[in-house]
Amino acid sequence: MPHLFLPSAQFSADSAQILGEDHQHIAKVLRMRLGESLVLLDNQGNAFCATLTEMGRHSSTAQIDSPLSLATEPPLRLIVAQAPGKGDRFEQVIQHGTEVGATAFQPLITERGVVALSAEREATKRERWQHIAKGAAEQSNRLFIPQVFPAIPFREWAEAQEPNTTLLLHTAPNLPSLAQFLERLPSLPPSLTLAVGAEGGWSPTEVSQAEKVNLALVSLGRRILRTETAALVALSQILYHVERR
Ligand code: SAM
């Protein structure tokens, strides 16, 4: 059944208005018809089973049938902080990271990050990234759309982190593995943040800054993963560890 996030303002007590791109999507792409069922979500933690009752050229209406309980959110917040790489790498991280269970994405401006964004270009990109997160959240039955934060410089970000719950994924030898870090956790923290380097990795200055503010440097093993693969492997390991309990 299709899942659709709508702005809260489009919900009334017993129906919801589906407008703009969402309407075009259900009408033209999914080719939905009157009487068909869908799941509507308000991105505030509420999901509803609904039935299409009106379809016009520019909008449609769905009757709310019943609340729906969706237990698809991970048991902790998972934030992926990453330098947007070349091409569509960051888009892939958002798309697949949302499917796997990420809660938010923090673009980082790093020394070896290849993409320099003007403020205007960043705003356009962020709108696109947020749109990708919405589509992936709908596709994977999430209850919330992961948020994409404005890009910030690495140092500023590092200084604002909680030492015990922020992990810097790094390729240096002899680091503890992510699995070891997870096994040593005394209890489930409310959130974990993963920082993933650009294609060229972290600069020595960034590694020192991370060590200075006591971020946990961890390895994902002996093989070097592409930047867009590393985030997904780390998210999967964390969710395997916390959801198998
Ligand atoms: N030559 C770079 C280096 O050695 O740091 C390669 C960087 S790798 C393509 C991009 C990022 O993915 C790394 O900065 C790190 O955050 C993450 N990464 C990739 N493989 C990893 C591994 N085996 N362990 C930990 N992090 C890894």
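See above for the structure.
Cut-offs applied
- Residues numbered from 1 in each chain as written.
- Predicted model: local features only at pLDDT ≥ 70, side-chain atom pairs only at ≥ 80, totals over all residues.
- Heavy atoms only, no water.
- Near = heavy atom within 4 Å.
- Polar contact = N/O pair within 3.5 Å; in protein donor to acceptor, adjacent residues only side chain to side chain.
- Areas by Shrake-Rupley, 256 points an atom, 1.4 Å probe, with all protein chains shown as cover.
- 1 Å grid on protein atoms, 1.4 Å probe; cavity = no way out; pocket = protein on both sides within 12 Å on 5 of 7 lines; lining within 4 Å.
- Sits in = over half its atoms within 2 Å of the grid points.
- Nonpolar A, V, L, I, M, F, W, Y, C, P; charged D, E, K, R; others polar.
- Buried < 20%, exposed > 50% of the residue type's maximum accessible area, 1.4 Å probe, protein only.
- Helix = DSSP H or I, 4+ residues; strand = E, 2+ residues; numbered from the N terminus.
- Pairing = 2+ DSSP bridges.
- Right-handed = clockwise from strand over helix to strand, strands pointing away.
- Core = buried A, V, L, I, M, F, W, Y, C linked by side-chain atoms within 4.5 Å.
- Domains from an automatic or database assignment.

*Asks:* Looking at this model, I keep getting lost on the site of the ligand. Mind explaining?
*Replies:* If you check the shell around the ligand, you find 19 residues, and the closest are Leu169, Thr171, Gly197, Leu220 and Arg223. Contact distances for the ligand include 2.6 Å between an oxygen atom and a backbone N or O atom of Leu169. Within the contact set of the ligand, a nitrogen atom lies 2.8 Å away from a backbone nitrogen or oxygen of Leu220. Contact with the protein chains removes 84% of the 560 Å² of surface that the ligand exposes when unbound. Among the detected pockets, the ligand sits in the largest pocket. For the shell around the ligand, the residue count by class is 9 nonpolar, 8 polar and 2 charged.

*Asks:* Got a minute to help me understand the pairing of strand E11 (residues 191–196) in this structure?
*Replies:* Look at any regular strand and the pattern is simple: side chains alternate between the two faces of the sheet. Buried residues dominate E11, accounting for 5 of its 6 residues. Pairing of strand E6 (residues 77–82) with E11, which is carried by 6 bridges, proceeds in the parallel orientation. Bridging from a neighbouring strand, Ile79 pairs with Thr193 of E11. As judged from the 3 bridges shared by strand E10 (residues 166–169) and E11, these two strands associate in the parallel manner. Within E11, the residue paired with Leu167 across the bridge is Leu194. Following the chain from E10 across helix H5 (residues 178–184) to the adjacent parallel E11, one finds a crossover that is right-handed.

*Asks:* Would you explain the nonpolar core in this entry?
*Replies:* Nonpolar side chains in soluble globular proteins tend to be buried together. In this structure, Val80, Ile94, Phe105, Phe181 and Leu194 are the most contacted members of the largest nonpolar core, which totals 38 residues. Looking at which element gives the most residues to this core, the answer is helix H7 (residues 227–243), with 7 residues. When residues of this core are assigned to domains, at least three map to each of domain 1 (3–68) and domain 2 (77–243). If you look at the next biggest cluster of nonpolar residues, it comprises 14 residues, including Leu6, Ile18, Leu40 and Leu52.

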